[in-house]
Every structure is written in C-alpha cells, then in structure tokens.
Amino acid sequence: MSGPHEALADAWPCIFRPMRREQMLIGQAYTDAADGRTFERRSPYSGEVIATYPEAGLADVERAAADARKTFEDGRWSGAPAKVRAAILRKTADVLRARLDDFAANLVAEVGKPISAAKGEVQGAAEVLEYYAALALDLHGEAYSAQAADALGLVLREPVGVVGVIIPWNFPLVLACWKLGPALAAGCTVVLKPSHWTSGSAILLARALSDSGLPPGVLNVVTGEAENGAVIGQALCQSPLVDKIAFTGSTATGKKVMQTCAQTLKRVSLELGGKSPNVVFADAPAIDAAVAGAFFGIFMNAGQVCQAGSRLLVQRSIHAEFVDKLVAMTRGKLRLGDPAQPSTTLGPLVSEPQLRRVVGYLDQGKSCGAVLKTGGGRPADPALARGHFVEPTIFDAVPADATIAQEEIFGPVLSVLPFEDEADALRLANHTTYGLAAAIWTRDLNVAVRLAKGIRAGTVWVNAYHGTGVANQMPYGGYRQSGIGRELGRAGLDEYLETKSVQIKLG
Ligand code: NDP
C-alpha cells in the first residue's frame, strides 16, 4: 500500500490491508447490517479510508438487545461460576497483550493517537480486565443471623441484567473495558455501541473476548455512523429489554440519555465532561515537576481527555516564571506528525467536526481579553495539512468567566488563571459547572488536604496529574455536571449489581 502509514503497514499488515471490511457482533455471529448498509472511517491523519463498518439500523439494535436479553435469562453467563467469568476476563487480558501491536495500530489509525500512547492504552485495558477478574471471585452479599433466633436475613448481590454500553472515541478501548470488565464480572450481558469514529476498537475487543471463551450472546456490538449513532444510542436507551445504560460522553448527550432512560426507569451511570483545575501553589515541591504535570495534564491525547487539566491556576508570585517554563516546554517537546511514528508526541484531533469545534474556541480565546502565549491556530507545515491538527495553545490571564475558562474544549488548549491565596484558589477551582478532577501542587499538607476536601470533584491528585500509580482500585466519576455514578474500584462493580433482601423465618 502507499501513503503515510507505510511504516505501520509494514509492521502490521493485518490492520492496514486495504479497506478493512468489518462486521458487527450480534448473538452467535459476526454480521452485516440487516439492510446491508455500511459506512467508512477515514484516518484523521491522512484522510485515507481505513475501514468500513455495518451501518446498524433499528432492526439490528432490536436483535442485539433481544439476544442479550435471551442470553441473560438462560443463565449461561449470569449463572456461570465466578471462576469461569474471572478466567475469561483474565484470558482476554492475555489476548490483548498478545495482540498489542494490532490493537495499538488500530488506535493509531482511527483515533490518531501517537503509537506509544496507543500501546499504553492497550496495557491499561488489559489491567482493568484483570482487576475485575479478581473482583468477580470476591463477589458476595451479607448475612444477618444474630438479630432473631428464628430468622435469617440474606443480602444478595445480583447482576443488573442487560446493559447498554455507550462510549466515546477518545479512549475507545480502555473506556470499553472500564464498563465491560465490571459488567461481565457481575454476570450481566451487554450491547456495546462504540462511537462511529472508533468502531474498530470495539470489534477487535469483541473478537478478543470471543476468542477467550465468552459465550455467544453475552456481548453484542452495534456500529453506526454520525446521526445514526445517536439513533442507535437512543434506541438502546428506549429498549424495554435493556436494564441499564452505562454511558461515557459529553454532558449534553448524557442529559439526553438520562431523559430517555427515565421513560423505562432504567439504571443509568454517566461519565461526562470536565473543566478540571490544576492548582499550583508557590511552594510546590519542585516547580519543574509541576510544569511537567501541567504540560502532561493538558496535552496528553491532544487534550481530548475528560479529566484534562484545562484550567491551570497558578499562584501570582510564581505565575510569570511558571508560564514561561510551560511555554518553553510546549514549544520544545511537542512533535506534531504521523501518529504511527514513535517520535510523534501530538497527533491530530479525531475528526473534522472536532477540529472545527476547537478552532472555534481558539477564536473565542483571542477575543476574550486573554493573552495568547503560544499556538492559537492550525500548524503551517504543509506535511500536516491533511490531518486534523491544531497547534498546542496556551492562553494566559484568562478571565474566569470567559467561555474558554468555562466550557470543555477537548483539544490541546490551556487556560491559565493566576490566583492570590488559598481562598482565591478554592473559589476559582469550583467556579465551573463541572466536577470531574483536580490537582493541587504544594508542600503544605494542611493546604493540600483543605483543598482536596473543598474542591467539588470526584478525583483529586496531590503533586501529580492524571494519576499516581494507584489506578483501577480508585473509584472514578464526577460531581455536578460531570456525571452520576462511579467507575473502577469496587464502586464500579456495584453499578452493575442489584441488591436483594431475602428474609427467612425458621420453623
Ligand atoms: P458524545 O456525547 O457526542 O458521544 C458519546 C457517545 O454517545 C458516542 O458513542 C455517540 O455516538 C453516542 N451518542 C451521540 N448522541 C447520542 C444520543 N442522542 N443518545 C445516545 N447516544 C448518543 O461525545 P463524543 O463521542 O464526542 O466524546 C467526547 C466527549 O466525551 C467529550 O465532550 C468529553 O466530555 C466526554 N468524555 C467524558 C469522559 C468521562 O469519563 N467523563 C471520558 C471521555 C469522554 P456517535 O459517536 O456514533 O455519534
């Protein structure tokens, strides 16, 4: 094949054979859409068609939901011994690692993710499946035997039923596993609807699960494009055969999901957007580490991260020096280019609409009274012209109410706001409708703890951004308009369980 992905094509010809033509998974079989329609996914880097997928219609969604329902009720998965469910999840993790190059090449191709980050995502997905394999073995209820001599109370935990899993495109593999891991560990069956930009990850994951022994019908995958993606998603939310929707995506879509689910009173968990504050005090343990944290916080995955540290709050006494260092790092370290090349550290945005959206925010930033420190447009390099690239951008002295300080941009665009003291930092940190994540950089444990308690967000890091090495064990989710419910940890498993009280009167 010719074109800019030649390096990858040589390494992983199975992924880059011309025109991958994929099928979705319904019940026993990989299948086309009932009406035979398909759609294409083009590379966000080169514009080349990388694959075609079935364009599912309502009939396909109904069939998938019916298969998931039938399979849930026949007990082949919900009634399977925990050790069987755990073994299949563990085996799938092994398969992901064995096929790491294929999975990573697909992420490079469909998301535009730099290859090293793509490999990291595959490893992260394998680890979360292993974590929930272990929790499957430990799933248990409670017994009350000491309250009355002639009575026994049992609290049983049961799978919630059929789960509709709706996920976005930014981490299509790991976010699928955040939901499939606990859902399958609990004994649920699933209909997975990936974003139409990233159907490939879902299909590869389904194959890994099937090849690891997941019984047919337990996982169904329906793929569909653009407006039809919303139609399929809404059909899952409406279906009386589905008991719960587990959704990750934008806050606007999350609200629609919740509204529709209300009609059948489905359980719903929502992982939504954010505008997370990264708060740096003058006594941060090492300024250079905090600069690197701010850099990583906003530019990882080209800023297409729900928990991105998109509002950098810096104490005024170090503000000028800090911003200078961050600008220097941004100009010096980020390499825009072919995501398949190991030297690339900033890939294209996932799609043309996303590019237009981010460029719109750049225009707003230039007219809101902020100071543009670096970036601010599309790169001039003609080699990047076909990709959906934007320059990594830093706006300083951003007014707290400016659109770029309030709305989720989902691109490599940072808003810097100086603050005076702890009270000012807390006020600014909470000055948003979101509440997904936050970070605090300080040597003072009292300040760190006071702020960690005061910030209304589901995750707070101290002297780190995006994580500290404790990962899958920690519950993850949003306060306020960043969501409802929790993923990961034991709390993540609880989202897929019903609680039943059984009261036994002894004779
Ligand atoms: P969207 O909310 O547009 O889409 C998310 C998913 O929902 C996609 O699969 C999409 O399908 C589907 N969908 C679209 N419309 C509807 C609808 N009316 N009913 C049901 N499902 C629907 O988000 P994006 O895919 O654009 O992802 C980016 C957003 O996701 C960001 O804004 C970010 O805030 C959020 N996000 C949050 C995360 C978190 O953990 N809190 C993590 C990652 C992202 P299709 O793509 O086919 O249209």
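Notes on the structure in this doc start here. (Residues numbered from 1 in each chain as written. Predicted model: local features only at pLDDT ≥ 70, side-chain atom pairs only at ≥ 80, totals over all residues. Heavy atoms only, no water.)

Focus: the overall build of the chain
Put simply, the rule reads: Note on conventions: DSSP H or I runs of at least 4 residues are helices, E runs of at least 2 residues are strands, and numbering of each starts at the N terminus. Think of it in three bands: residues with accessible area under 20% of the maximum for their type are buried, residues over 50% are exposed, and the middle band is partly exposed, with areas taken using a 1.4 Å probe on protein chains only. All accessibility values rest on the Shrake-Rupley procedure with a 1.4 Å probe; residue burial counts only the protein chains present in the view.
Within the chain one finds 17 helices and 21 strands. Its C-alpha atoms put the chain at 75 × 65 × 40 Å along the principal axes. Within the chain, the fraction of its 507 residues that count as buried is 57%. For the chain, the accessible surface area stands at approximately 19,600 Å², while carbon and sulfur atoms represent 54% of it.

With respect to the side chain of T344
Quick note on the threshold: Contacts are assigned to residue pairs with any non-hydrogen atoms lying within 4.5 Å of each other.
Here T344 is to be found in the loop between helix 12 (316-333) and helix 13 (352-366). With residues near it in sequence (within four places) discarded, T344 still touches P114, R335, L336, G337, D338 and P339.

A word on the pairing of strand 14 (residues 311-315)
We apply this condition: The pairing criterion is simple: DSSP has to find at least two bridges between the two strands.
Most of strand 14 sits inside the fold, with 5 of its 5 residues counted as buried. What you see with strand 14 is no split at all: R311, L313 and Q315 on one side and L312 and V314 on the other are buried throughout. Here strand 13 (residues 277-280) pairs with strand 14 via 4 bridges, running parallel. Paired with V280 across the strands is V314, a residue of strand 14.

As for helix 11 (residues 287-299)
Think of an α-helix as 3.6 residues a turn; residues three or four steps apart then line up on the same face. As a reminder of what qualifies: How far a helix is expected to stretch is found by multiplying one less than its residue total by 1.5 Å.
If you check helix 11, its first and last C-alpha atoms are 18 Å apart, about what 13 residues at 1.5 Å a residue would give, namely 18 Å. Along helix 11, the positions that sit buried rather than exposed are I287, A290, V291, G293, A294, F295, G297, I298 and F299. Contacts from the buried residues of helix 11 go to strand 13, strand 14, helix 12, strand 16 (393-396), strand 17 (413-419) and strand 18 (437-441). Of the residues flanking the end of helix 11, it is N301, one or two places downstream, whose phi is positive at about 55°.

Concerning helix 12
As a reminder of what qualifies: One axis is fitted to the seven residues ending at the residue and one to the seven starting there. The bend at that residue is the angle between these axes.
For helix 12, spanning 18 residues, the distance from its first C-alpha to its last is 25 Å, which sits close to the expected 26 Å at 1.5 Å a residue. The sharpest bend along helix 12 comes to roughly 25°, located at F322. Buried within helix 12 are the following residues: I318, H319, F322, V323, L326, V327, M329 and T330. If you follow the buried residues of helix 12, they end up packed against strand 13, helix 11, strand 14, strand 15 (371-374), strand 16 and strand 17.

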